[in-house]
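Structural overview
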Amino acid sequence: MTKLKLNFLLPTLAFVLAASPAFAQEVKVIKYKELEQIRNAPHDTLYVVNFWATWCRPCIKEMPYFEALTEQYKDQPVRVMLVSMDAVEDLDSRVKPFVQKRNLKSDVLLLDEVDANSWIDKLEPKWSGAIPATMVFNNKRKQYEFVEGELSQEALQGMISKYKP
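Quick notes on the rules
- All residue numbers refer to positions counted from 1 along the written sequence of the respective chain.
- Reporting in this predicted model follows two pLDDT cut-offs: at least 70 for local features of residues, and 80 or more for side-chain atom pairs to be given and counted; totals over whole chains, interfaces and linings ignore these cut-offs and use all residues.
- Side-chain figures throughout are based on the complete set of non-hydrogen atoms in the structure, without hydrogens or water.
- Cysteine sulfur atoms are paired as a disulfide whenever they fall within 2.5 Å.
- Residue exposure (1.4 Å probe, protein chains only): buried if accessible area is under 20% of the type maximum, exposed if over 50%, otherwise partly exposed.
- The helix and strand labels rest on DSSP assignments: H or I over at least four residues marks a helix, E over at least two residues marks a strand, and numbering proceeds from the N terminus.
- An arc is given here, and it is the one of the directions from the helix axis to the C-beta atoms.
- The contact criterion used throughout is that any non-hydrogen atoms of two residues lie within 4.5 Å.
- Within 6.5 Å between ring centres, the rings of Phe, Tyr and Trp (the latter by its six-membered ring) count as paired, and their orientation is classed by plane angle as stacked under 30 degrees, edge-to-face over 60, tilted in between.
- Charge-over-ring placement is defined geometrically: NZ (Lys) or CZ (Arg) within 6 Å of the ring centre, and within 35 degrees of the ring normal.

As annotated in an unreviewed UniProt entry, the protein carries the name AhpC/TSA family protein and comes from Pontibacter mucosus.

Rendered as structure tokens:
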């Protein structure tokens with residue numbers, strides 16, 4: 001193959017691969033039961049679960065702090081999960097574009113539950129249902145903390161430092 005053809009093909013291939021949906025962040029749609037299984041599993045991983053929505057300004061403001069944790073602790077037993085409270089009907093029109101535009105690296109889930117009153121008290125009795133809300137837990141070490149409301153980067157880092165394995 002000539003050098004000219006290679007100079008054309010390699011950048012073209014790189015562009016096609018980068019634009020491919022296979023490289024886009026997935027948004028997994030879950031039900032409450034799946035979230036409950038994660039919450040109750042006997043693991044030695046520190047889970048940082050943030051409840052947010054694309055229409056929630058304080059949620060969007062604090063999102064870079066969670067993304068920084070994902071990068072900071074990528075080789076440690078710390079897992080950041082961003083649980084969208086958007087309607088499942090908005091998955092393709094709002095949630096996926098939001099995730100792709102921001103190039104989110106954290107695990108992104110969309111909780112497909114219409115009646116929040118049927119599960120919120122089971123997950124966290126003190127939670128009014130307002131977002132943003134964050135829970136941090138390590139079940140093996142019996143560690144748990146819940147915060148309703150926007151977190152500063154310092155407050156979030158403090159929670160992680162207090163509990164990380």
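Okay, back to it.
1. Some points on the state of the cysteines
Under the defined criterion, the tally for this structure stands at one disulfide. Linked covalently through their sulfurs, Cys56 and Cys59 form a disulfide whose S-S length is 2.2 Å. An S-S torsion of about 75 degrees defines the bridge between Cys56 and Cys59 as right-handed. Each member of the pair, Cys56 together with Cys59, is buried.

2. Points about helix 4 (residues 91–101)
Every buried residue of helix 4 is listed here: Leu91, Val95, Phe98 and Val99. Across the axial projection of helix 4, the buried residues extend over an arc of 105 degrees, all falling on one side. Facing away from the buried side of helix 4 by more than 90 degrees, the exposed set consists of Asp92, Ser93 and Lys101. Where helix 4 is buried, its residues touch strand 1 (27–30), strand 2 (46–52), helix 3 (57–72), strand 3 (78–84) and strand 4 (107–111).

3. A closer look at the packing of aromatic side chains
Per the counting criterion, the structure on display carries seven aromatic pairs. On the basis of an interplanar angle of 45 degrees and a centroid distance of 4.8 Å, the ring pair of Phe51 and Trp127 is categorised as tilted. Here the residue Phe51 occupies a position in strand 2, and Trp127 occupies one in the loop between helix 5 (120–123) and strand 5 (133–138), the gap between them amounting to 76 residues. Of the two residues examined, Phe51 and Trp127, each falls in the buried class. Cluster of aromatic residues (ring-pair linked, three or more members): Tyr32, Phe51, Trp119, Trp127 and Phe146. Between the NZ or CZ atom of Arg39 and the centre of the ring of Phe137, over which it lies, the distance is 4.5 Å.

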